[in-house]
Amino acid sequence: MTEPFMFEKPLGMRDTLPVLYETKREATNSMQQMMERWGYYPIETPALEYYDTVGDSSAILDQQLFKLLDQQGHTLVLRPDMTAPIARVASSSLKDQPLPLRLSYCANLFRAQQHEGGRPAEFEQLGVELVGDPTASADAEVIALMAESLKAAGLTDFKLAIGHIGYVNALLADIVGKEERAAQLRRYLYEKNFVGFKQHVKTLPVSSVDRDRLLRLLKLRGGIETLDEARTIVNNGRAAEALDNLQALYDALEAYDLTDYITFDLNLVMHMDYYTGVVFEGYGSTLGFPLSSGGRYDELLEKFDRPAQATGFGIRVDRLVEALGATKAKPEETLILFSSERRKEALTEAAKLRGRGEVVVLQDVAGAADLDGLTAAYQHVLSYIGQTQGEGARDE
Ligand SMILES: N[C@@H](Cc1c[nH]c[nH+]1)C(=O)O
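Residues numbered from 1 in each chain as written. Predicted model: local features only at pLDDT ≥ 70, side-chain atom pairs only at ≥ 80, totals over all residues. Heavy atoms only, no water.

Going by what an unreviewed UniProt entry lists, the protein chain is known as ATP phosphoribosyltransferase regulatory subunit and is assigned to Salsuginibacillus halophilus. The UniProt entry for the protein chain carries the following text under Sequence similarities (unreviewed entry): "Belongs to the class-II aminoacyl-tRNA synthetase family. HisZ subfamily." Quoted verbatim from the Subunit (unreviewed entry) field of UniProt, the annotation for the protein chain is "Heteromultimer composed of HisG and HisZ subunits." (UniProt positions renumbered as here; feature names shortened; annotations may be inferred.)

This is how it looks when you write it as structure tokens:
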């Protein structure tokens, strides 16, 4: 009997068919190679982690976690990101390795979706973590590596938006004080719901000057001059520190010749709330949503008892492939049809062509119901059928 859900997949789950798979693999390989050249070696961690440790530290909305129970009754989560698992590894198996540590990963991540349509609940992410270096040079290095990785995958037309969560927090604390109010405003920013932000600001019991300061935050976007503008809105110690930090980052990025790619966006708030400093996103020219993002998280590792400042990024492979557009052309393929009497000859020919790097599909004619349909799909067809000895001719 046919089950009603036989062909359906759980919400947000996708299949990757061969053509797209090839494109993804090629992009992934080039980026991983780049990361290794910069001294970031790949690690793997399990797809399942404990909810109370890594799940909690991942700092993603609880309703986005896939949860399940193990045989002992512990709650597990399918990892929603790699930063928290890497913090766990850096603090346990790698705890004797000297800092800074440079690690990379390519992993499937899981984030439950509430609604039908669009967003995948499982996706591949490629990224790096630089653990134990508090300098702006470290932030510049990961941003530069992110840019180089995107270029290596074939994306030349992209932009980087850079912000600083310390600045946003300093401004919000200065004006609205209470953490719940600040959290509500940060939420609008993270959703990029600027209309909601403006409406909410109107309802706040603050002076018109302060309301205006909050609204000016939405306009803090542009080149290096944005930092001066930002200083006129809030200039307490924390804000000044954040802006000095961004200036130092800009100077370092200048050395990497990256300033043409960057825009400051001081209302940038990310989906993960472990970020403590510089945050950034990478955009392609055609997609409206970021294909990579990252930032500094100086307080995450102390949750795993190895306090260390850290920074890193993740690239969404699915979105990158979408931004790259064209999928990779299939290589030329040869079909060798054979009957069992001439199997040996067919295998020898196939081995010869495969040895030259060609793609060869071997097919026993007795196993193909629709020969015309099958041969039509190949550029070259060779036949080793029947009793006759001799070379199968390649119809080129
Ligand atoms: N883990 C973050 C990306 C990141 C890596 N390192 C720092 N941030 C994410 O999934 O969005």
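Next, the rest of the story.
1. Notes on the UniProt feature "binding site: L-histidine" (unreviewed entry) in the protein chain
Mapped onto this numbering, the UniProt entry annotates "binding site: L-histidine" (unreviewed entry) at Asp81, Met82, Thr83, Arg111, Gln125, Glu129, Tyr274 and Tyr275. Set against the largest pocket, the annotated residues named above that line it are Asp81, Thr83, Arg111, Gln125, Glu129, Tyr274 and Tyr275. Structurally, aspartate 81 can be placed in the loop between strand 4 (75-78) and helix 3 (83-91). Residues within four places of aspartate 81 in sequence aside, it is in contact with Ser58, Leu109, Arg111, Met272 and Tyr274. In terms of polar contacts, aspartate 81 uses its side chain to reach the side chain of serine 58, at 3.3 Å. Among the secondary structure elements, tyrosine 274 is positioned in the loop between strand 9 (262-265) and strand 10 (278-284). The buried category is assigned to tyrosine 274, whose relative accessible area is 9%. Not counting residues within four places of it along the chain, the set of residues in contact with tyrosine 274 comprises Ser57, Ser58, Ala59, Asp81, Thr83, Arg296, Tyr297 and Leu300. (1 Å grid on protein atoms, 1.4 Å probe; cavity = no way out; pocket = protein on both sides within 12 Å on 5 of 7 lines; lining within 4 Å. Helix = DSSP H or I, 4+ residues; strand = E, 2+ residues; numbered from the N terminus. Contact = heavy atoms within 4.5 Å. Polar contact = N/O pair within 3.5 Å; in protein donor to acceptor, adjacent residues only side chain to side chain. Buried < 20%, exposed > 50% of the residue type's maximum accessible area, 1.4 Å probe, protein only.)

2. Digging into the packing of helix 5 (residues 165-176) against helix 6 (residues 179-190)
Look at helix 5 against helix 6: their axes get within 9 Å of each other, and the N-to-C directions meet at 135°. As summarised for this structure, helix 5 and helix 6 are arranged oblique, according to the angle between their axes. Our pair here, helix 5 against helix 6, has a crossing hand that is right-handed. Where helix 5 approaches helix 6, its residues Ile165, Val168, Asn169, Leu172 and Val176 are matched on the opposing element by Arg181, Ala182, Leu185, Arg186 and Leu189. In the contact of helix 5 with helix 6, the residues fall into seven nonpolar, one polar and two charged. (Axes fitted to C-alpha atoms, helices over the stretch in contact; angles between N-to-C directions. Parallel < 35°, antiparallel > 145°, perpendicular 65-115°, else oblique. Left-handed = near helix turned anticlockwise from the far one by under 90°. Nonpolar A, V, L, I, M, F, W, Y, C, P; charged D, E, K, R; others polar.)

3. Section: the site of the ligand
Close contacts around the ligand come from 17 residues, with Asp81, Thr83, Arg111, Glu129 and Tyr275 the closest. Interatomic distance of 2.8 Å between a side-chain N/O atom of glutamate 129 and a nitrogen atom of the ligand. A distance of 3.3 Å separates a nitrogen atom of the ligand from a polar atom in the backbone of phenylalanine 313. Starting from 300 Å² of accessible surface for the ligand in isolation, the protein chains cover 99%. Put simply, the ligand lies in the largest pocket. (Near = heavy atom within 4 Å. Areas by Shrake-Rupley, 256 points an atom, 1.4 Å probe, with all protein chains shown as cover. Sits in = over half its atoms within 2 Å of the grid points.)

4. A short note on the layout of surface pockets
Approximately 1,000 Å³ is the volume attributed to the largest pocket. Along the lines of polarity and charge, the residues of the lining of the largest pocket split into 18 nonpolar, 16 polar and ten charged. (Points joined across faces, edges and corners; volume = space filled by probe spheres on them.)

5. What to know about the confidence of the model for the protein chain
Overall, the predicted model of the protein chain reaches an average pLDDT of 93, with 96% of residues at or above 70. Across the interface, the model reports ipTM at 0.99; the global pTM reads 0.91. (pLDDT = per-residue confidence, 0-100.)

6. Description of a negative patch on the surface
Together, Asp251, Glu254, Asp257 and Asp260 make up a negatively charged patch on the protein surface. Mapped onto the secondary structure, aspartate 257 falls in the loop between helix 10 (237-255) and strand 9. (Patch = residues over 30% accessible without salt bridge, like charges linked within 9 Å, V, L, I, M, F, W, Y side chains within 5 Å. Salt bridge = Lys/Arg side-chain N within 4 Å of Asp/Glu carboxyl O. Lys, Arg positive; Asp, Glu negative; His and termini not counted. Charge placed at Lys NZ, Arg CZ, Asp CG, Glu CD.)

7. A short note on the environment of tyrosine 275
Among the structural elements, tyrosine 275 can be located in the loop between strand 9 and strand 10. For tyrosine 275 and isoleucine 165, which are 110 residues apart along the polypeptide, the C-alpha to C-alpha distance reads 7.0 Å. Those residues in contact with tyrosine 275, other than ones at most four positions away along the chain, are Ile165, Met270, Gly294, Gly295, Arg296 and Tyr297.

8. Considering the sheet that holds strand 15 (residues 380-384)
Spatially, the three strands line up as an open sheet ordered 14-13-15, and their pairing is parallel. This sheet does not close on itself; its edge strands, each paired only once, are strand 14 (359-364) and strand 15. Sheet twist, expressed as the average angle between the axes of neighbouring strands with direction ignored, equals 20°. Examined bridge by bridge, strand 13 (residues 333-338) and strand 15 share five bridges and lie parallel to one another. The residue of strand 15 that forms the bridge with threonine 334 is histidine 380. (Pairing = 2+ DSSP bridges.)

9. Thoughts on the nonpolar core
Of all hydrophobic cores here, the largest spans 102 residues; its most connected members are Ile162, Tyr167, Leu246 and Phe313. Setting aside chain neighbours within four positions, we find tyrosine 167 in contact with Leu217, Leu220, Ala230, Ile233, Val234, Ala239, Ala242, Leu243 and Leu266. (Core = buried A, V, L, I, M, F, W, Y, C linked by side-chain atoms within 4.5 Å.)

10. Considering the packing of helix 5 against helix 8 (residues 208-217)
Taken N-terminus to C-terminus, the directions of helix 5 and helix 8 make an angle of 165°; their axes are 10 Å apart at the nearest point. By the angle between their directions, the pair helix 5 and helix 8 is classed as roughly antiparallel. As helix 5 runs across helix 8, the sense of the crossing is left-handed. Between helix 5, through Tyr167, Leu171, Leu172, Asp174, Ile175 and Val176, and helix 8, the contact on the second element is made entirely by Asp210, Arg213, Leu214 and Leu217.

11. Quick notes on helix 8
When helix 8 is considered as a whole, its buried residues turn out to be Asp210, Arg213, Leu214 and Leu217. Along helix 8, the residues classed as buried sweep out an arc of 95° about the axis, all on the same side. Exposed residues on helix 8 whose side chains face more than 90 degrees from its buried face are Ser208 and Val209. In this structure, the buried side of helix 8 is in contact with helix 5, helix 6, helix 7 (194-203) and helix 9 (225-233). (Arc of directions from axis to C-beta.)

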